[in-house]
Amino acid sequence: MDRIVFLDYAGVAVFAATGALAASRKELDIIGFLFFAGLTGIGGGTIRDLILGVPVFWVPNPDYLLVCTGVAILVYFAAHLIESRYKLLLWLDALGLAAYCVFGAWKALVVTGSAPIAIVMGMITATFGGILRDQIAGEPSVLMRPEIYVTAAMAGAVVFTALHIMGMPLLGSVMPAFLTAFVIRGGALKFG
Amino acid sequence: MDRIVFLDYAGVAVFAATGALAASRKELDIIGFLFFAGLTGIGGGTIRDLILGVPVFWVPNPDYLLVCTGVAILVYFAAHLIESRYKLLLWLDALGLAAYCVFGAWKALVVTGSAPIAIVMGMITATFGGILRDQIAGEPSVLMRPEIYVTAAMAGAVVFTALHIMGMPLLGSVMPAFLTAFVIRGGALKFG
Amino acid sequence: MDRIVFLDYAGVAVFAATGALAASRKELDIIGFLFFAGLTGIGGGTIRDLILGVPVFWVPNPDYLLVCTGVAILVYFAAHLIESRYKLLLWLDALGLAAYCVFGAWKALVVTGSAPIAIVMGMITATFGGILRDQIAGEPSVLMRPEIYVTAAMAGAVVFTALHIMGMPLLGSVMPAFLTAFVIRGGALKFG
């Protein structure tokens, strides 16, 4: 279990960065960066845990809030160095999507043991942080081409769930699933 | 209890169809249909169960996800046959509203025994699937004339709760309540 | 505890009034007023309680719904007397923000004992009622200048949490925190 928690922190961090970049595009001040970093970083996982009926992950472990805070401050001071903030946002979002569809599916499998629930929770975990960010910021939605976005999350969750149920060791199901999601979403960004 | 569960499946199915029709209007691909069918079909009931503090209905029973999936696929292949997808969406939404305001009130009564909570939960269950669909799709909101929309849900929930508390048998409180909500919303659609 | 519950009712009442004023600006009928009063009045606290994993406050105690209903009816009959409904909405929203960032932080401290969680929950409680209202009404968002809005909520929550942890009596931590949030937000409204 310890190893896969890395995915969780990675997902929170990159989603928090996309939130901070959205705040930067809106020219908000540092508290606005914190707000959108937190909203995007922990939003999808919060909805996942509420639906699964387990404690919301960041309440007993405020480390996740520290991650969001650190990322927000970093982006606040570095954002002006970045040439295309929106492009970076989209690629980080793709990384977060890949990490979170796998981690969400894994957590749902642990809690419920059900493959269809694992797939759906992987999709929800991966997509709702970005949905909340775009809705509240009034940004052009990452879901503009929702098929490729949701499809990538679904593919990653399906690959992980299938390999995991077939008895693959954790890393052997995590890596192919992560790559599947990232390649599909990244391909859509590059060639779409 | 078995009989009223029919209302629940019916509500999920018609709301899922409205979500798939929204995806069709946006010209999404099949995964986009699945996403919006699921979001709309199970969204209102998910919020209801979270607020009531009971397990979210589709987690222990993934049949509901199958219903959404089946409806999404059906609409995907049939949508081009439909003359006015938006009109159909509105009428199916009215059916879902009527089914869900009754079912939501019933479930809240069973869980809490409180009439005001039953009425409010009927309204929430009936309206939030459509609210989520319209918010995320960026569609013209069914709530554009929220009075008639929310009023219909409220009327259905009030009629059901009153008849049920007066001791009417289940069917005798469900049917008048369902018809009340559907006639009010349908009247608003036809003459509004 | 009894005394601080006053803050909760006050927060619900003024947020409900802002929801009803939003309904008035949209020229909705009385049910639309009820809907937006309820959504805004109890929305932020509902999200707070779900995340904390405690019963949603208004379910065991429907008094809160009565408050929202009464406020909605009052605003419905009085709104035409008000010269600038939007200005009143903003000032009431500032009052609600100040009451709710303190109450949310207090409740989170009681439940979790964690200062960072208290601060974040104060911010969530104070801001999400207004976020829901503006999102669903399609109104110009109070978050347009989110920095000052979220900053006020954060400052109030930080002041309360710090004083409370230092062992100040309840009133001695509530009053400075409430005033901090209200003065910051009010200053932004007056001079921003």
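Whatever comes next refers back to the structure up there.
For clarity, every value in this text was computed on a predicted model and none was experimentally measured. Sequence positions are assigned chain by chain, starting from 1 and proceeding in written order. Ligands are numbered from 1 and chains lettered from A, in the order in which they are written. Given that this is a predicted model, residues contribute local features only at a pLDDT of at least 70 and side-chain atom pairs are listed and counted only at 80 or more, while totals for whole chains, interfaces and linings are drawn from all residues. Values reported for side chains reflect all heavy atoms of the structure, with hydrogen atoms and water molecules removed beforehand.

The subject of this paragraph is helix H7 (residues 170-191) of chain A. Along an α-helix, residues three or four apart share an orientation, since each turn contains 3.6 residues. Only runs of H or I of at least four residues qualify as helices and only runs of E of at least two qualify as strands under DSSP, and these elements are numbered from the N terminus. Expected helix span is computed as 1.5 Å times (number of residues minus one). Under the 1.5 Å per step criterion, the end-to-end length of H7 of chain A is 31 Å for 22 residues, consistent within 8% with the ideal 32 Å. Accessible area is worked out with a 1.4 Å probe on protein chains only. A residue is then buried under 20% of its type maximum, exposed over 50%, and partly exposed in between. Of the residues making up H7 of chain A, those classed as buried are Gly172, Ser173, Val174, Ala177, Phe178, Ala181, Arg185, Gly186 and Ala188 of chain A.

At the interface, 16 residues of chain A touch 19 residues of chain C. Between chain A and chain C lies a buried interface of about 1500 Å² when both sides are counted; carbon and sulfur atoms form 82% of it. Ranking the residues of chain A by area buried against chain C places Ile31, Phe35 and Val59 of chain A at the top, with a combined share of 34%. Definition of a polar contact: a pair of N or O atoms within 3.5 Å, with one able to donate and the other able to accept a hydrogen when the atoms are protein atoms, and with sequence-neighbouring residues admitted only if both atoms are side-chain atoms. The interface formed by chain A and chain C includes 1 residue pair in polar contact (both at pLDDT 80 or more). Listed by contribution, the elements that provide at least two residues to the side of chain A that touches chain C are helix H2 (30-52) and helix H5 (115-137) of chain A. Here, residues are in contact when the closest pair of their heavy atoms is within 4.5 Å. When two components associate, each loses some accessible surface as probed by a 1.4 Å sphere; the sum of these losses over both components is called the buried area.

Our next topic: the environment of Leu171 of chain A. Inspection of the secondary structure puts Leu171 of chain A in helix H7. In sequence terms Leu171 of chain A and Arg3 of chain A are 168 residues apart; their C-alpha atoms lie 8.5 Å from each other.

Of the transformation placing chain C onto chain B, the axial shift is 0.0 Å and the rotation is 120°, giving an RMSD of 0.0 Å. Expressed as an axis order, the relation between the two copies is that of a three-fold axis. Identified as the residue of chain C closest to the rotation axis by C-alpha distance is Leu50 of chain C, at 4.2 Å. With a heterologous cut-off of 20% or less, the 12% of interface residues of chain C that recur at the interface of chain B puts this contact in the heterologous class. For this overlay, a least-squares fit was computed on C-alpha atoms, restricted to residues scoring pLDDT of at least 70 in both copies.

A side-chain nitrogen of Lys or Arg and a carboxyl oxygen of Asp or Glu constitute a salt bridge if their distance falls within 4 Å. One pass over the full model with this rule turns up 12 salt bridges over all chains. Between Arg48 of chain A and Asp49 of chain A there is a salt bridge; the shortest N-O distance is 2.8 Å. Here Arg48 of chain A falls in the buried class, since its relative accessible area comes to 0%. On the basis of relative accessibility, which here comes to 0%, the residue Asp49 of chain A falls in the buried class. The closest approach of N and O atoms between Lys107 of chain B and Asp49 of chain B, which form a salt bridge, is 3.1 Å. Taken as a pair, Lys107 of chain B in helix H4 (residues 85-112) and Asp49 of chain B in helix H2 (residues 30-52) lie far apart in primary sequence, 58 residues in all. Note on Lys107 of chain B: relative accessible area 16%, which makes it buried. One salt-bridge network, in which partners are shared between bridges, spans Arg48, Asp49 and Lys107 of chain A.

Let us look at the interface of chain C and chain B. At the interface, 16 residues of chain C touch 19 residues of chain B. Summed over the three residues of chain C that lose the most area to chain B, namely Ile31, Phe35 and Val59 of chain C, the buried surface amounts to 34% of that side. For the interface between chain C and chain B, the tally reads 0 salt bridges. Taken together, the connections running from chain C to chain B amount to 1 residue pair in polar contact (both at pLDDT 80 or more). Of all the secondary-structure elements, those providing two or more residues to the side of chain C that touches chain B are helix H2 (30-52) and helix H5 (115-137) of chain C. Sorting elements by how many residues they give to the side of chain C that touches chain B places H2 of chain C first, with 7 residues. A class-by-class count of the residues in the side of chain C that touches chain B yields 12 nonpolar, 3 polar and 1 charged. Note on residue classes: Ala, Val, Leu, Ile, Met, Phe, Trp, Tyr, Cys and Pro are nonpolar, Asp, Glu, Lys and Arg are charged, and everything else, Gly too, is polar.

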